[in-house]
Amino acid sequence: MNVITYLRALDLPIDAIKQFFDARDINKLEAMLKEQKLQVQKQITALENIDRRIDARINQVEDAVNSILDKIEIVDLPAIPVVYLDEDYRPNDDIELPIVTLRKRFGLDKNIFLGKIALAVSKENLLREQFDSYNGLLLILEPGDSGDATGTLRAGKYIRLRFHGTHDTAAIQYQKLLQYCQKHDFEISGPAIETALIDYGITDDFDKYVTEIKFPIKDN
């Protein structure tokens, strides 16, 4: 009974313990313990990944809640791994459709959450001031996420603006950013990334909605 109690304390399954007692073999015990150690290590890794994802969500929500709105900022950002879906999307379309495509095409399951999904406006459309359509959808990968990146938001200098509102009210914000670039002689060097940091996914209070637009720039 003491042996059974000890093995159960190691979280060994009843069937494995029964097989050991049927065999009463030291090699069987050693193999059983090594297999259990492997399973425990997998559980530890899974829990560590969950812990990283929780930290990422806490940081993202706190950052969004404490955002300085309607202020244009120049920020240096690190490289960010992403999964990119090259598919056109318009603000009035159902965004769940491309998200479903993203899930199926790249085998994603638990990675989809507010603040991790962003929409891309090509550099060409940005310069033509065509803000009524998006050229791609991307999933931002964070520590603890499963799945392989298909691309990267490159590191460097970005112009960024956070505002109260949604994708439907973003056009005027793009114009503000373009005017700022013209005034300060910044060259746009890549696509714009638009992200809903706070929206109906986590609150019914429209007054708390926050959307972010950023795109890479360089000095002329």
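The structure presented is a predicted model; accordingly, all values stated were derived computationally and were not measured.

## Brief notes about helix H6 (residues 171-183)
Here is step 1: With 13 residues, H6 ought to run about 18 Å at 1.5 Å a step, and its terminal C-alpha atoms sit 19 Å apart, in line with that.
Here is step 2: Within H6 the residues assigned to the buried category are Gln173, Tyr174, Leu177, Leu178 and Cys181. Taken down its axis, H6 places every buried residue within 140° of arc, on the same side. Opposite the packed face of H6, turned more than 90 degrees from it, sit the exposed residues Gln179, Gln182 and Lys183.
Here is step 3: Looking at the residues trailing H6, positive phi occurs at aspartate 185, about 60°.

## Notes on the nonpolar core
Here is step 1: Ranked by internal contacts, the top residues of the largest apolar core, which has 30 residues, are Leu102, Leu126, Tyr174 and Phe215.
Here is step 2: Elements supplying a minimum of two residues to this core: strand E2 (80-85), helix H4 (96-106), strand E3 (117-121), strand E4 (136-140), strand E6 (156-163), H6, strand E7 (186-188) and strand E9 (210-219).
Here is step 3: Among the elements that line this core, the one with the most residues is H6, at four residues.
Here is step 4: If sequence neighbours within four positions are ignored, phenylalanine 215 has contacts with Leu126, Lys157, Tyr158, Ile159, Leu177, Leu178, Cys181, Ile188, Gly190, Pro191 and Ala192.

## Observations regarding the packing of aromatic side chains
Here is step 1: Considering all chains together, one arrives at three aromatic pairs under this definition.
Here is step 2: With a centroid separation of 6.4 Å and an interplanar angle of 25°, the aromatic rings of tyrosine 180 and phenylalanine 186 are classed as stacked.
Here is step 3: With relative accessibility at 15%, the residue phenylalanine 186 sits in the buried group.

So, how was this worked out
Residues numbered from 1 in each chain as written. Predicted model: local features only at pLDDT ≥ 70, side-chain atom pairs only at ≥ 80, totals over all residues. Heavy atoms only, no water. Helix = DSSP H or I, 4+ residues; strand = E, 2+ residues; numbered from the N terminus. Expected span 1.5 Å × (residues − 1). Buried < 20%, exposed > 50% of the residue type's maximum accessible area, 1.4 Å probe, protein only. Arc of directions from axis to C-beta. Core = buried A, V, L, I, M, F, W, Y, C linked by side-chain atoms within 4.5 Å. Contact = heavy atoms within 4.5 Å. Phe/Tyr/Trp six-rings, centres within 6.5 Å; stacked < 30°, edge-to-face > 60°.

Everything listed here is a matter of geometry and, on its own, says nothing about what the molecule does.
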